[in-house]
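Architecture at a glance
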Protein chains: 2
Amino acid sequence: MARSRLTPEREAELYGAVLDLLREVGYDALTMDAVAARTHSSKATLYRQWGSKAELVVRAMRSNKPLHTTQVDTGSLRGDFLAMVSDTDDCQVEKDTALMRGLFHAVHDNPELFQALRELLIEPEIDGLNVLLQRAVDRGEIPADSPALKYVVHMLVGAFAARQLIEDVPPDQAFLGSYIDAVVFPALGV
Amino acid sequence: MARSRLTPEREAELYGAVLDLLREVGYDALTMDAVAARTHSSKATLYRQWGSKAELVVRAMRSNKPLHTTQVDTGSLRGDFLAMVSDTDDCQVEKDTALMRGLFHAVHDNPELFQALRELLIEPEIDGLNVLLQRAVDRGEIPADSPALKYVVHMLVGAFAARQLIEDVPPDQAFLGSYIDAVVFPALGV
């Protein structure tokens, strides 16, 4: 795919329009026609650039995430975790949570969307997290044989999902910081 | 509500029919008419006994869970956790996961269902878990001031949700046992 044909500004504009539409009508009712009309582009261009609605939506979601795990490298594990947490300023989390809930809702009926989410969003973030953890192992912060290393994603997913499920509020920084100190670090043997 | 008017056998029969219907058509398409027809009862009886479709469905779900946290008391924390895990034999988990996914899907559009799930299923299980943890504190197995005590639910939810999200398989006993040893016990300081 020749994604390079678009300028970054034009791409950002397109992604913004997709996210707006997603908030307005949800994944199922979002059409490539609507995206084309909203952004004054042709459907052919959209399909050439992104291949499918699922890929376009997930790349738009990914562009909306201000910081990726691959970009985090503060020099310490605590610093890296805090950077990931401070990325999620409360307002942003609230907004993303609504979007993500809508998407995860749609995933149920759209295997293609699930596939795109996994390949383009979830797996790259997990890969970045594992690189970040490996650096902490290399620095001697985490014991290399810590059996919790492979469960960091599970611990973090639990923090987000259970907070929403039990308390019906998105996790804020204070909550995540406390969870990291109480659960993630002790489990890792930090 | 005079739930006692039904014999336990009749109640089990009704709940079984509700779960069958739920698997067949999903929450949104499930009607009290269909439940009444399937169980040869009147809609008036169903509403008198359960008040609402949401409550009927959640109580049926609850009846389908063979073991509740309130019933677990083996004398040790490890024993209690293993009992909770062994309750989830693989086939049962697989079946329940499909049901639960359907329900959590429906929750998105049905606040009444979310309310019933929280009040009748989630909160009683969390209360039971907290009693179980308090016994472990009283026995001296968990330090009373362990900051991870309030996050055990989050850790367990993470194990289930992330396993499904990342590996797209329901958690089995071997996975849960390993997770408890690698994450939950070290976090609690056991």
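Residues numbered from 1 in each chain as written. Chains lettered and ligands numbered in written order. Predicted model: local features only at pLDDT ≥ 70, side-chain atom pairs only at ≥ 80, totals over all residues. Heavy atoms only, no water.

In the nomenclature of an unreviewed UniProt entry, chain A corresponds to TetR/AcrR family transcriptional regulator from the organism Streptomyces paludis.

As a further point, take the relation of the copies chain B and chain A. The two copies are related by a screw operation: chain B maps onto chain A through 180° of rotation and 0.0 Å of translation along the axis, at an RMSD of 0.0 Å. Overall, the copies show the geometry of a two-fold rotation axis. Across chain B, the smallest distance between a C-alpha and the rotation axis is recorded for G158(B), namely 1.6 Å. A shared interface surface links the copies, since 100% of the contact residues of chain B are contact residues in chain A too. (Least-squares fit on C-alpha atoms with pLDDT ≥ 70 in both. Contact = heavy atoms within 4.5 Å.)

The feature "DNA-binding region" (unreviewed entry), as annotated in UniProt, sits at residues 31–50 of chain A in this numbering. End C-alpha atoms of residues 31–50 of chain A are separated by 14 Å, and the span's content is 80% helix alongside 0% strand. (UniProt positions renumbered as here; feature names shortened; annotations may be inferred. Helix = DSSP H or I, 4+ residues; strand = E, 2+ residues; numbered from the N terminus.)

This brings us to the nonpolar core. Across soluble globular proteins, nonpolar side chains show a tendency to be buried alongside one another. One finds F81(A), M155(A), F81(B) and M155(B) to be the most contacted residues of the largest nonpolar core, which totals 66 residues. Among the elements of the structure, α5 (77–87), α7 (111–138), α8 (152–167) and α9 (173–188) of chain A together with α5 (77–87), α7 (111–138), α8 (152–167) and α9 (173–188) of chain B are those that each provide at least two residues to this core. The contact partners of F81(B), leaving out residues within four places of it in the chain, are L129(B), L133(B), V152(B), L156(B), I180(B), V184(B) and F185(B). (Core = buried A, V, L, I, M, F, W, Y, C linked by side-chain atoms within 4.5 Å. Buried < 20%, exposed > 50% of the residue type's maximum accessible area, 1.4 Å probe, protein only.)

In this section: the packing of α7(A) against α8(A). The description of two packed helices rests on the angle between their axes and on the distance between the axes. Residues and elements named next belong to chain A. For the pair α7 and α8, interaxial distance at closest approach is 11 Å and the crossing angle is 120°. As summarised for this structure, α7 and α8 are arranged oblique, according to the angle between their axes. Handedness of the α7/α8 crossing: right-handed. Where α7 abuts α8, its residues I126, L129 and L133 lie against V152, V153 and L156. Residue composition of the contact of α7 with α8, grouped by class: six nonpolar, no polar and no charged. (Axes fitted to C-alpha atoms, helices over the stretch in contact; angles between N-to-C directions. Parallel < 35°, antiparallel > 145°, perpendicular 65-115°, else oblique. Left-handed = near helix turned anticlockwise from the far one by under 90°. Nonpolar A, V, L, I, M, F, W, Y, C, P; charged D, E, K, R; others polar.)

Let's shift gears to the interface of chain B and chain A. Contact with chain B, which involves 34 residues of that partner, is made by 34 residues of chain A. Taking both partners together, chain B and chain A bury about 2,700 Å²; carbon and sulfur atoms supply 71% of that area. Run the count over chain B and chain A and you get two residue pairs in polar contact (both at pLDDT 80 or more). Mapped onto the side of chain B that touches chain A, the elements with two or more residues apiece are α6 (90–107), α7, α8 and α9 of chain B. In terms of residue count, α8(B) provides more of the side of chain B that touches chain A than any other element does, 12 residues in total. Class assignment for the residues of the side of chain B that touches chain A results in 21 nonpolar, six polar and seven charged. (Buried area = accessible area lost by both parts, 1.4 Å probe. Polar contact = N/O pair within 3.5 Å; in protein donor to acceptor, adjacent residues only side chain to side chain.)

With that settled, consider the environment of H154(B). All names here are of chain B. By secondary structure assignment, the location of H154 is in helix α8. Classification of H154 by relative accessible area gives buried; the value is 5%. It is 37 Å that separates the C-alpha atoms of H154 and T7, two residues lying 147 residues apart in sequence.

Residues and elements named next belong to chain B. In total, this model carries 22 salt bridges over all chains according to the counting rule given. Residue K43 is joined to D33 by a salt bridge in which the shortest nitrogen-to-oxygen separation is 3.5 Å. In this pair, K43 is assigned in helix α3 (residues 43–50) and D33 in helix α2 (residues 32–39), connecting sequence segments 10 residues apart. By relative accessible area, which is 48% here, D33 ends up partly exposed. (Salt bridge = Lys/Arg side-chain N within 4 Å of Asp/Glu carboxyl O.)

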